[in-house]
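Working through the structure, step by step
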Amino acid sequence: MNDQICTALNINHICLAVRDIEETLYFYQNLFGIGGVEIKNIEDQRVKAALVEVGNTQLEFIQPTDTIGGVARFIERRGEGMHHICFEVDDLENTLKQLDAENIQLIDKTPRVGLSGMIAFIHPKETHGVLIELVDHDTAKR
């Protein structure tokens, strides 16, 4: 792949997988003075999640709600820590078509609703081991 397929407009968030979201948020709130945060249950992803604004970007915290989902397996294999990086892109649907045409392995070939807006994931096998989330700039939550 020599040509640029898409342009990252911004880092929307960095996501941390944690065992206890309330405890982790309490720690980050005390350490960095981060304000009140709403925790949402995202049933289709089997997680509780929260987005926390930090300067010009955000941290997302995700806690598995069962022992069989992807985030639970991630923590079991790797422990708590960075789960993914999310980039904002223009026209997510077209970006996914371009990535697919370049034979980039995608987890999502069409956009879906996520905590941060309309999202899709690129498989970490394509990105040197880092799970990449893309969020449509026009729907990105801030």
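Everything here concerns the structure above.
These numbers come from a predicted model, not from an experiment. (Residues numbered from 1 in each chain as written. Predicted model: local features only at pLDDT ≥ 70, side-chain atom pairs only at ≥ 80, totals over all residues. Heavy atoms only, no water.)

**Focus: the sheet that holds strand β7 (residues 117-122)**
- With mixed pairing, the 8 strands of this open sheet are ordered in space as β2-β3-β4-β1-β5-β8-β7-β6. Two strands close off the open sheet at either side, each with one partner strand: β2 (40-42) and β6 (112-114). Here the strands of the sheet are splayed against their neighbours by 35 degrees on average, with no regard to which way each runs.
- The strands that helix α1 (residues 21-32) touches are β1 (10-17), β3 (47-54) and β4 (57-64); relative to β4, the one it contacts most, it runs at about 150 degrees. (Pairing = 2+ DSSP bridges. Helix = DSSP H or I, 4+ residues; strand = E, 2+ residues; numbered from the N terminus. Axes fitted to C-alpha atoms, helices over the stretch in contact; angles between N-to-C directions. Contact = heavy atoms within 4.5 Å.)

**Focus on the layout of surface pockets**
- Of the pockets and cavities examined, the largest pocket occupies roughly 640 Å³.
- Along the walls of the largest pocket sit 29 residues, with G70, V71, H83, I107 and L131 positioned nearest its centre.
- Sorting the residues of the lining of the largest pocket by element identifies β4, α2 (70-78), β5 (81-89), β6, β7 and β8 (131-136) as the ones contributing at least two each.
- The residue makeup of the lining of the largest pocket, split by class, is 13 nonpolar, 9 polar and 7 charged. (1 Å grid on protein atoms, 1.4 Å probe; cavity = no way out; pocket = protein on both sides within 12 Å on 5 of 7 lines; lining within 4 Å. Points joined across faces, edges and corners; volume = space filled by probe spheres on them. Nonpolar A, V, L, I, M, F, W, Y, C, P; charged D, E, K, R; others polar.)

**As for the pattern of salt bridges**
- Scanning the model with the defined rule gives 6 salt bridges in all.
- For K97, the salt bridge goes to E93, with nearest N and O atoms at 4.0 Å. Of this pair, K97 and E93 both sit in helix α3 (residues 92-101), 4 residues apart, roughly one helical turn.
- Residue E93 is classed as partly exposed on the basis of its relative accessible area of 47%. (Salt bridge = Lys/Arg side-chain N within 4 Å of Asp/Glu carboxyl O. Buried < 20%, exposed > 50% of the residue type's maximum accessible area, 1.4 Å probe, protein only.)

Nothing here speaks to function; it is geometry throughout.
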